[in-house]
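Report on the structure
Listed below are the residues making up each chain.
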Amino acid sequence: MPFPFTATETVVTIPCQPADLPRMIDAVETALKGQKGSALSRSSHGLTFRGGLLRFVSGWNQLAAIGSGKLDFALSEGRVSITCRLSFVQFLVATAVIVALVFGVLVKPGIGFLAFAWLWIFGGNYLIARYRFPRFIRAAADSALRG
């Protein structure tokens, strides 16, 4: 499912030796735990996790708008590429419900305002997550190679 339900992005490839790959996955897993990711599951070349709104974290948490995700690490020609598959379904539904209840029932503005409010809240957070999350993953993976 494409926007607004999911997003897929490949993090810029990182020079890496085959022996460094497990350490890189460890570092990314630790970073996700630091963001209070739940249901972390690890395979030989990837991670799956849950994030979302139903956790006691700040709005600046990397996983606040991301309901769940899957990270695939692929080693080729001495470089690792990390493909991030992220789900925004939980945030999409929560935003729709909040906008409908708060603005639709309490304030009763026009449909144009409701659409604007939804785009502002969901769209803004979606774009921020799409920008920040790959950089977060890249920084975690790089930290494993720096020691």
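Residues numbered from 1 in each chain as written. Predicted model: local features only at pLDDT ≥ 70, side-chain atom pairs only at ≥ 80, totals over all residues. Heavy atoms only, no water.

**Quick look at the nonpolar core**
With 34 residues, the main nonpolar core has Leu32, Leu71, Phe73, Ile82 and Phe133 as its most contacted residues. Residue assignment for this core shows that the elements contributing at least two residues are β1 (6-15), α1 (21-34), β3 (46-50), β4 (68-76), β5 (79-87), α2 (89-107) and α3 (111-146). Excluding residues that lie within four positions of it along the chain, Leu71 makes contacts with Val28, Leu32, His45, Gly46, Leu47, Phe49, Ile82, Thr83, Cys84, Phe133 and Ile137. (Core = buried A, V, L, I, M, F, W, Y, C linked by side-chain atoms within 4.5 Å. Buried < 20%, exposed > 50% of the residue type's maximum accessible area, 1.4 Å probe, protein only. Helix = DSSP H or I, 4+ residues; strand = E, 2+ residues; numbered from the N terminus. Contact = heavy atoms within 4.5 Å.)

**Re the confidence of the model for the protein chain**
For the protein chain, mean pLDDT is 88; residues scoring 70 or higher make up 95% of the total. Across the protein chain, β3 holds the top mean pLDDT of 95, while α2 sits lowest at 84. (pLDDT = per-residue confidence, 0-100.)

**Quick word on the pairing of β5**
Of all 9 residues that make up β5, 7 are buried, and the element is covered over most of its length. As defined by bridge partners, β1 adjoins β5 across 8 bridges and the pair is classed as antiparallel. Pairing of Thr8 across the sheet is with Arg85, part of β5. Pairing of β4 with β5 involves 9 bridges; the strand directions are antiparallel. In the sheet register, Ser68 faces β5, and the bridge partner there is Ser87. In textbook terms, the turn of a hairpin is the stretch between consecutive antiparallel strands, and for β4 and β5 this stretch comprises 2 residues, one of which, Glu77, has a positive phi near 55 degrees. (Pairing = 2+ DSSP bridges.)

**Considerations on the pattern of salt bridges**
Enumeration over the complete set of coordinates arrives at 6 salt bridges. In this structure, Arg42 engages Asp26 in a salt bridge whose closest nitrogen and oxygen atoms are separated by 2.2 Å. Residue Arg42 is found in strand β2 (residues 38-43), and its partner Asp26 is found in helix α1; the two are separated by 16 residues along the sequence. Accessibility expressed as a relative area gives 35% for Arg42, which makes it partly exposed. The salt bridge involving Arg85 is made with Asp72; its shortest N-O contact spans 2.3 Å. Here Arg85 is found in strand β5, whereas its partner Asp72 is found in strand β4, with 13 residues between them in sequence. Assessed through its relative accessible area of 38%, Arg85 is described here as partly exposed. You can call Asp72 partly exposed: its relative accessible area is 22%. When salt bridges with common partners are traced through the structure, they connect Asp26, Glu29 and Arg42 into a single cluster. (Salt bridge = Lys/Arg side-chain N within 4 Å of Asp/Glu carboxyl O.)

**A short note on the environment of Ile66**
Structurally, Ile66 is set in the loop between β3 and β4. Put simply, Ile66 and Arg130 are 64 residues apart on the chain and 9.4 Å apart in space, counted from C-alpha to C-alpha. Sequence-distant contacts of Ile66, that is, excluding residues within four places in its chain, are made with Phe49, Gly51, Gly52, Leu86, Ser87, Phe88, Ala129 and Phe133.

**Concerning the packing of aromatic side chains**
Here the structure, examined in full by the defined rule, presents 7 aromatic pairs. One aromatic cluster in this structure is built from Phe88, Phe91, Trp118, Phe122 and Tyr126. Over the ring of Tyr131 we find Arg135, and its NZ or CZ is 3.9 Å from the ring centre. (Phe/Tyr/Trp six-rings, centres within 6.5 Å; stacked < 30°, edge-to-face > 60°. Lys NZ or Arg CZ within 6 Å of the ring centre and 35° of its normal.)

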